[in-house]
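In case you want the letters, here they are:
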Amino acid sequence: MKHSTILFLIGSCFLVTFALPSYADDASRDREIAERFAKCDVTNDGKLTREEAKGCMPRIYDHFSIIDSGNKGYVTVAEIQAVANR
């Protein structure tokens, strides 16, 4: 085997070994956020207000104004996930 082929195979193994766990971490984090969001969204409208976040998702409450960049008065699960995945 040529050195370039061996290096390619080693590099591919490295990518598969280390890239997949980070995707799994993002996916599991997104799932956890969605589950917690659903429990906190007492009005079941798909929007989490600052008041709903206060007792249920304290880190979201603490950073609410950053996540709610449009000053709508609520955040969605997609907005929270986007900030968490940065």
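Residues numbered from 1 in each chain as written. Predicted model: local features only at pLDDT ≥ 70, side-chain atom pairs only at ≥ 80, totals over all residues. Heavy atoms only, no water.

1. Describing the overall build of the chain
Each helix and strand counted, the chain has 5 helices and 2 strands in total. Beginning at the N terminus, the succession of helices and strands in the chain can be written as α-β-α-α-α-β-α. Across the 86 residues that make up the chain, the buried fraction comes to 17%. Expressed as a percentage of contacts within the chain between residues at least 6 apart in sequence, the contacts between residues at least 24 apart total 38%. Of the roughly 6,400 Å² that the chain leaves accessible, carbon and sulfur atoms contribute 60%. (Helix = DSSP H or I, 4+ residues; strand = E, 2+ residues; numbered from the N terminus. Buried < 20%, exposed > 50% of the residue type's maximum accessible area, 1.4 Å probe, protein only. Contact = heavy atoms within 4.5 Å. Areas by Shrake-Rupley, 256 points an atom, 1.4 Å probe, with all protein chains shown as cover.)

2. Brief notes about the pattern of salt bridges
Oppositely charged side chains can pair when the atoms bearing their charge come close. With the rule as written, the count across this model stands at 3 salt bridges. The residue aspartate 26 makes a salt bridge to arginine 29 at a minimum N-O spacing of 2.4 Å. Residue aspartate 26 and its partner arginine 29 are located together in helix α1 (residues 3-40), separated by 3 residues, close to a single helical turn. Aspartate 26 gets classed as partly exposed once you look at its relative accessible area, which sits at 30%. For glutamate 79, the salt bridge is made with lysine 72, and the minimal N-O distance between the two is 2.8 Å. According to the relative accessible area criterion, lysine 72 is partly exposed, its value standing at 36%. In this structure, a network of salt bridges that share partners links the residues Asp68, Lys72 and Glu79. (Salt bridge = Lys/Arg side-chain N within 4 Å of Asp/Glu carboxyl O.)

3. Considerations on the side chain of aspartate 68
Position of aspartate 68 relative to the elements: it lies in the loop between α4 (64-67) and β2 (74-75). Given the relative accessible area of 4%, aspartate 68 is considered buried. At a separation of 2.8 Å, a polar atom in the side chain of aspartate 68 contacts the main-chain amide nitrogen of glycine 73. (Polar contact = N/O pair within 3.5 Å; in protein donor to acceptor, adjacent residues only side chain to side chain.)

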